[in-house]
Amino acid sequence: MAGIGGWWERHVVPRLVEKALGSGDVRRERAAVCEGLSGRVLEVGFGSGMNLPHLPAGVTSLDAVEPSDLGWAMSASRRDAARLPVSRVGLDGQHLDVEDAAYDAVLCTFSLCTIPDAALGAREMARAVRPGGTVHVLEHGASPDPRVRRWQARLDPIERAVAGGCHLTRDPVALVRAAGLEVGEVTQRYLPGAGVSRPWTYGYRFVARRP
């Protein structure tokens, strides 16, 4: 069974992510969370490169952390079309192979939900960004509605099994604050979709700053 699960994560999950998180509304959220990025940027959870078209002109280079070889391969056309250099610098968001304070900004979209130790992942992002630098986060997580949260808790094991370890019940704002970053204004809402899909599509978008 472990072999089947590994095959699913390697060959199916990256395609599911591309489909589920590539809609027009999510693209608009991606564009919004990329606003203000500049200089040298580290992206944790690069996926198939869906954020590349939204990077502002002020971004001079992008280093990517992406565990999926298929996801990286799927990003080839976007990387080829990018106006800036893109390098793959690691596979593990929990243990970033980068120097302290090496980046002007960190970008993380729909990845804190999947990193096994999300608290460690958030601390690593805080370590990687320079003092005064920013961490830009677009994530889904726990709904503020207690009824929806109960359903999220029930569905969480299924979500983890079919979506590469993705969790429905995490609080991305709390995770980033606990890492020592100062969180600015948080935009949060249900993304469009049928009511039954709401546990998967409660979104958080915010920018945090390293003191």
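Small disclaimer: the values here were computed from a predicted structure and weren't measured.

About the cut-offs
Numbering of residues begins from 1 in every chain and follows the order in which that chain's sequence is written. Only residues with pLDDT of at least 70 are given local features in this predicted model, and only at 80 or more are side-chain atom pairs given and counted; all residues enter the totals for whole chains, interfaces and linings. Side-chain figures throughout are based on the complete set of non-hydrogen atoms in the structure, without hydrogens or water. The method works on a 1 Å grid over the protein atoms by themselves. A cavity is a set of points holding a 1.4 Å probe that cannot get out, a pocket is an open set with protein on both sides within 12 Å along at least five of seven lines, and residues with an atom within 4 Å of a point line them. Grid points are joined across faces, edges and corners, and a volume is the space filled by probe spheres set on the points. Secondary structure elements follow DSSP: runs of H or I no shorter than four residues count as helices, runs of E no shorter than two count as strands, and numbering proceeds from the N terminus. Relative accessible area decides the class of each residue, using a 1.4 Å probe on protein chains only: under 20% of the type maximum gives buried, over 50% gives exposed, and in between gives partly exposed. Note on pairing: two strands pair once DSSP finds at least 2 bridges between them. For crossovers, right-handed means that the path from the first strand over the helix to the second runs clockwise, given strands pointing away from the viewer. Should a side-chain nitrogen of Lys or Arg be within 4 Å of a carboxyl oxygen of Asp or Glu, the pair is scored as a salt bridge. Paired rings are identified among Phe, Tyr and Trp, the last through its six-membered ring, by centres lying within 6.5 Å, and are further divided according to the angle between planes into stacked (under 30 degrees), edge-to-face (over 60) and tilted (the rest). Pairs of residues are marked as contacts when any of their non-hydrogen atoms sit within 4.5 Å.

Q: What is the right way to look at the layout of surface pockets in this model?
A: Vacant regions in the atomic arrangement are exposed by a probe of water-molecule size rolled over the atoms. Looking at the largest pocket, its volume works out to about 1,200 Å³. Along the wall of the largest pocket there are 49 residues; nearest its centre are Val 13, Val 17, Phe 110, Thr 114 and Ala 163. Contributing elements (two or more residues each) for the lining of the largest pocket: α1 (2–11), α2 (13–20), α3 (24–34), β1 (39–44), α4 (69–74) and α7 (146–162). Of all the elements, α2 adds the most residues to the lining of the largest pocket, at five residues.

Q: Just to check I follow, could you spell out α3 for this structure?
A: For an α-helix, the turn length of 3.6 residues means that residues three or four places apart are oriented alike. Of the positions making up α3, those classed as buried are Asp 25, Val 26, Glu 29, Arg 30, Val 33 and Cys 34. Phi for Gly 36, located one or two positions after α3, is positive at around 90°.

Q: Please explain unusual backbone geometry as it appears in this structure.
A: Trans is the common state for peptide bonds, and a negative phi is the common state for residues other than glycine. We note that Ala 101 has phi near 55°; this positive angle belongs to a residue other than glycine. For Ala 101, the position within the fold is in the loop between β3 (86–90) and β4 (103–109). A residue is classified by how much of its surface remains accessible, and Ala 101, at 32% relative accessible area, is partly exposed. Here the phi dihedral of Phe 110 falls at roughly 50°; this positive angle occurs in a residue that is not glycine. Mapped onto the secondary structure, Phe 110 falls in the loop between β4 and α6 (118–128).

Q: How should the pairing of strand β5 (residues 129–140) be read in this particular structure?
A: Moving residue by residue along a regular strand, the side chains alternate between the two faces of the sheet. Across the twelve residues of β5, nine count as buried, placing the element largely inside the fold. The pairing of β4 with β5 spans six bridges and is parallel. Across the sheet, Thr 109 pairs through a bridge with Leu 138, a residue of β5. Taking the sense of rotation as the criterion, the β-α-β connection linking β4, α6 and β5 turns out right-handed. Bridge analysis of β5 against strand β8 (residues 202–209) gives seven bridges, and the strand direction is antiparallel. Bridge pairing in β8 links Val 137 to Phe 206.

Q: In this structure, what is going on with the pairing of strand β2 (residues 59–65)? I would like to understand it.
A: Most of β2 is tucked away: six of the seven residues are buried. Bridge count for β1 against β2 is six bridges, and the pairing is parallel. The residue of β2 that forms the bridge with Gly 39 is Val 59. In the sheet, β2 pairs with β3 via four bridges, with the strands oriented parallel. Counterpart to Asp 63 in the pairing with β3 is Ser 87.

Q: Would you take a moment to explain the pattern of salt bridges for this structure?
A: Once the charged atoms of two side chains with opposite charge are near each other, the side chains can pair. The full count for this structure, using the stated rule, is twelve salt bridges. Close ionic contact of Glu 18 with Arg 78 constitutes a salt bridge, the shortest N to O distance being 3.0 Å. In this pair, Glu 18 sits in helix α2 while Arg 78 sits in helix α5 (residues 76–81), placing the two residues 60 residues apart along the sequence. Assessed through its relative accessible area of 25%, Arg 78 is described here as partly exposed. Where Asp 145 meets Arg 147, a salt bridge forms, and the shortest distance between an N and an O atom there is 3.2 Å.

Q: Sorry if this is basic, but what is going on with the packing of aromatic side chains here?
A: Between two aromatic rings, the relevant description is the distance of the centres plus the angle of the planes. Across all of its chains, the model carries three aromatic pairs by this definition. Here the aromatic rings of Phe 46 and Trp 72 are separated by 5.5 Å at their centres, their planes lie at 50°, and the arrangement is tilted. A residue pair is termed long-range when its members are at least 10 positions apart, and Phe 46 in the loop between β1 and β2 and Trp 72 in helix α4 qualify at 26 residues. Taken as a pair, Phe 46 and Trp 72 share a single burial class, namely buried.

Q: I keep staring at the environment of Leu 16 and nothing clicks. Help me out?
A: As for its placement among the helices and strands, Leu 16 is situated in helix α2. Note on Leu 16: relative accessible area 40%, which makes it partly exposed. Sequence separation of Leu 16 and Glu 99 is 83 residues, and the distance between their C-alpha atoms is 32 Å. If we skip the residues at most four places from it in the chain, Leu 16 touches Trp 8 and Val 162.

Just distances and angles here, no functional claims.
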